[in-house]
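# Descriptive structure summary
Residue strings, one per chain:
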Amino acid sequence: MPQFDDRLLTKRVVESFSQTPNERQRFLMVELVITLHDFVRRTDLTFEEWSSAIDFLTRTGQKCTPTRQEFILLSDVLGVSMLVDAINHREREGATGTTVLGPFYVGEHKEVPNGSDISTGLSGKPMFVCARVTAPDGAPVANAIADIWHADDEGFYDTQKPSHATGNGSLRARFRTDAGGRLAFRTILPCSYPIPTDGPVGELIRASSRHAMRPAHVHFLVNAEGFEPLVTHVFLEGDDYLDSDVVFGVKEELVCKAERNDGAVMPDGRKASGPWYRMTYDFRVRPGTGHVPQPLAAGTD
Ligand code: BEZ
Ligand code: FE
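Because the structure is a prediction, the values reported are computed rather than measured. (Residues numbered from 1 in each chain as written. Chains lettered and ligands numbered in written order. Predicted model: local features only at pLDDT ≥ 70, side-chain atom pairs only at ≥ 80, totals over all residues. Heavy atoms only, no water.)

What follows covers the side chain of His219. You can see His219 is positioned in strand β7 (residues 217–223). At 3.0 Å, the side chain of His219 forms a polar contact with the side chain of His217. Look past the residues within four positions of His219 in its chain and what remains in contact with it is Val100, Leu101, Asp147, Ile148, Trp149, Tyr157, Tyr193, Thr232 and His233. (Helix = DSSP H or I, 4+ residues; strand = E, 2+ residues; numbered from the N terminus. Polar contact = N/O pair within 3.5 Å; in protein donor to acceptor, adjacent residues only side chain to side chain. Contact = heavy atoms within 4.5 Å.)

Reported here for the largest pocket is a volume of approximately 740 Å³. The set of elements that each furnish at least two residues to the lining of the largest pocket consists of α4 (70–77) and α5 (80–87). In terms of residues, the lining of the largest pocket owes the most to one element, α4, which gives four residues. Classifying every residue of the lining of the largest pocket gives twelve nonpolar, ten polar and three charged. (1 Å grid on protein atoms, 1.4 Å probe; cavity = no way out; pocket = protein on both sides within 12 Å on 5 of 7 lines; lining within 4 Å. Points joined across faces, edges and corners; volume = space filled by probe spheres on them. Nonpolar A, V, L, I, M, F, W, Y, C, P; charged D, E, K, R; others polar.)

On the protein side, the iron ion (ligand 2) has Tyr157 (OH), Tyr193 (OH), His217 (NE2) and His219 (NE2) as donor atoms, found 1.9 to 2.1 Å from it. Coordination geometry of the iron ion (ligand 2): the six donor atoms subtend angles of 53 to 165 degrees at the metal centre, consistent with an arrangement described as irregular. In primary-sequence terms, the residues that donate to the iron ion (ligand 2) follow Y-x35-Y-x23-H-x1-H. In this pair, Tyr157 sits in the loop between β2 (145–150) and β3 (172–176) while His219 sits in strand β7, placing the two residues 62 residues apart along the sequence. Accessibility expressed as a relative area gives 0% for Tyr157, which makes it buried. On the basis of relative accessibility, which here comes to 2%, the residue His219 falls in the buried class. (Donors = N, O, S within 2.8 Å, 3.2 Å for Na, K, Ca; no water. Tetrahedral: all angles 85-135°; square planar, octahedral: opposite > 155°, others 65-115°. Buried < 20%, exposed > 50% of the residue type's maximum accessible area, 1.4 Å probe, protein only.)

This is how it looks when you write it as structure tokens:
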């Protein structure tokens, strides 16, 4: 029986994975063990710290339900989600930047005609969104499908509201681009909002004196045949949290000014009872195929 020697421990654990049939899995486990052991050595981790970490991860798992993914939220606030996104989108010359999907995508939005109002019955400042989907060379992409979702003027998604029915949802819809690659819809200005903080991730945020806010944004998931799916947001210029997004999702090119208009008629022909805003954004999608992100079962708890 070999004598225990902590200087040889890492080597022995690494060797224990040497028969892993899946080469990639072997590589990932070996790197994980090396990195974890290095962390424990560099930090002189105490028993109390180790058991508190185990307790935190246990509670993170216990907080998960089919509609609440606390581990993804943890990955988001640690910047891991954006890092995985960046590593998997290194070659994006000429294409719009990507960012996190987030937990509020419920998938397969109901398709509605261009120009529709997705904010019927809601208060808030009216906004008209005009977007285009093109290839990197500027050629319009017709028949692209864009799922859109965003928070209301108090920072809540429809799925977070007790009034949320299992119907079509509000502030979310699916549009199809026309022959010019264009889509348009009427909505309200979203506002900044906190990520869910009633679980272990919230505890971590508070214990670190971080804030939990995301800057105001509209989510876009664009799918077009022959192109990579594009998961992104358009952020509103001037938001207080653009420099400190809790999930590190902001990219400069995704920030857009919602232009104030005082004209009496909005682009959909309806009368405006006061100022309204126009967001204009062009998305460039990259030729290829790719993984279409799947939502959690039904938004978030
Ligand atoms: C969101 O933008 O909806 C979001 C993204 C990551 C974590 C929480 C919320
Ligand atoms: Fe969001």
